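Coordinate analysis (summary)
In case you want the letters, here they are:
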Amino acid sequence: MGKLIFATGNKGKLKEVKQIFENTSYEIIAPFELGNDVDVEETETTFEGNAFLKAKAIYDIYRTPVIADDSGLEVDALDGVPGVYSARYAGKNCTFDDNNNKLLKVLNNPSLPRTARFVACAIFYDGTKKIVSTGYLEGSIAHEKTGAMGFGYDPVFIPKGADRTLGQYSFEEKNKMSHRYKAFEGLKEKMKQLT
Ligand code: IMP
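Cut-offs used in this document
- Residues numbered from 1 in each chain as written.
- Predicted model: local features only at pLDDT ≥ 70, side-chain atom pairs only at ≥ 80, totals over all residues.
- Heavy atoms only, no water.
- Near = heavy atom within 4 Å.
- Polar contact = N/O pair within 3.5 Å; in protein donor to acceptor, adjacent residues only side chain to side chain.
- Areas by Shrake-Rupley, 256 points an atom, 1.4 Å probe, with all protein chains shown as cover.
- Helix = DSSP H or I, 4+ residues; strand = E, 2+ residues; numbered from the N terminus.
- Nonpolar A, V, L, I, M, F, W, Y, C, P; charged D, E, K, R; others polar.
- Pairing = 2+ DSSP bridges.
- Right-handed = clockwise from strand over helix to strand, strands pointing away.
- Buried < 20%, exposed > 50% of the residue type's maximum accessible area, 1.4 Å probe, protein only.
- Arc of directions from axis to C-beta.
- Contact = heavy atoms within 4.5 Å.
- Core = buried A, V, L, I, M, F, W, Y, C linked by side-chain atoms within 4.5 Å.

1. Structural notes on the site of the ligand
- Close to the ligand lie 17 residues, the nearest being Lys-13, Ser-71, Asp-154, Lys-174 and Arg-180.
- Lys-13 is positioned such that a nitrogen or oxygen atom in its side chain is 2.7 Å from an oxygen atom of the ligand.
- When the free accessible area of the ligand is taken as 490 Å², the share hidden by the protein chains comes to 92%.
- Where the shell around the ligand is concerned, the elements lending two or more residues are strand 3 (66-75) and helix 5 (179-190).
- With three residues, the single largest contributor to the shell around the ligand is strand 3.
- Of the residues contributing to the shell around the ligand, the split by class is five nonpolar, five polar and seven charged.

Right under this line is the structure:
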């Protein structure tokens, strides 16, 4: 119980995860709120591997229980690419828009299926115990970018059964169904075994 450090520098994710843990006895706090801007290099080849790298790096600094996540987009026509490389799909230092433009260009072939999913792996780590939870959001890649909400691939991702992109969802709507919501809700449930 008490403070739980969320190993992220992403203010949007921090807001999402603070909301998820709102009715618990945990207080979620990010390293940058403690004056520490830690950028952990994601060198693993799986979401779980990268999430654990972040959790361990922050745990080693603060010696306080940590949660961390890693997420990305898996496109079926590309055998799961960009996957763990989602942030850098269009190259080092690329923007979200560069990534979306590249994806739309690569999929610009009517014979390719457009199904895809967001994946998020959330981890709790306290130096000895490690708890893992994964969440998915199935959907497809739109033919063009729409909407200015959210971040990353949101303007080109249409959740299964929906008729608009995540870029057209409000923060509250997205945070009730996203891959990260499912991963952290699952993690929160599993963390009950700690009490
Ligand atoms: P990370 O989990 O911060 O390493 O995120 C990796 C990348 O996956 C992000 O930079 C985005 O490109 C993509 N991504 C992860 N979650 C989302 C989401 O909810 N919407 C849009 N893009 C996302």
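2. Here we look at the pairing of strand 1 (residues 2-6)
- In terms of strand pairing, strand 1 meets strand 2 (residues 26-29) through four bridges, oriented parallel. Across the sheet, Gly-2 pairs through a bridge with Tyr-26, a residue of strand 2.
- Taken together, strand 1, helix 1 (residues 11-20) and strand 2 constitute a β-α-β crossover, and its handedness is right-handed.
- Sheet topology note: the strand 1/strand 3 ladder contains two bridges and is parallel. Each residue of the ladder has a partner; that of Phe-6, found in strand 3, is Ile-67.

3. Some words on unusual backbone geometry
- Here Val-81 and Pro-82 are connected by a cis peptide whose omega angle stands at 5°.
- For Pro-82, the location among the structural elements is in strand 4 (residues 82-83).
- For Arg-63, which is not glycine, the phi dihedral falls at a positive 55°.
- Structurally, the position occupied by Arg-63 is in the loop between helix 2 (47-62) and strand 3.

4. Brief notes about the pairing of strand 3
- In terms of residue burial, strand 3 counts as a mostly covered element, since nine of its 10 residues are buried.
- Taken together, the 10 bridges between strand 3 and strand 5 (residues 115-125) define a ladder with antiparallel strand orientation. Each bridged residue has a counterpart across the sheet, and for Asp-70 the counterpart in strand 5 is Cys-121.
- Connecting strand 3 to the antiparallel partner strand 4 that follows it, the hairpin turn spans six residues, and Asp-79 within it adopts a positive phi of roughly 55°.

5. Overview of helix 3 (residues 96-106)
- Asn-99, Asn-100, Leu-103 and Leu-104 are the residues of helix 3 that are buried. When helix 3 is viewed along its axis, its buried side chains cluster within an angular range of 130° and face the same direction.
- Looking at the buried side of helix 3, the elements it contacts are strand 3 and strand 6 (130-141).

6. Considerations on the nonpolar core
- Core analysis: the largest hydrophobic core is formed by 18 residues, its most contacted members being Leu-4, Phe-21, Ile-28, Ile-67, Phe-184, Leu-187 and Met-191.
- Filtering out sequence-adjacent residues up to four positions away, Ile-67 remains in contact with Leu-4, Ile-5, Phe-6, Ala-7, Val-17, Phe-21, Ile-28, Ile-123, Phe-124, Phe-184, Leu-187 and Met-191.
- Leu-78, Leu-107, Ala-116 and Tyr-169 belong to the second-largest nonpolar core, a separate cluster that totals 16 residues.

That is the geometry; function is a separate question.
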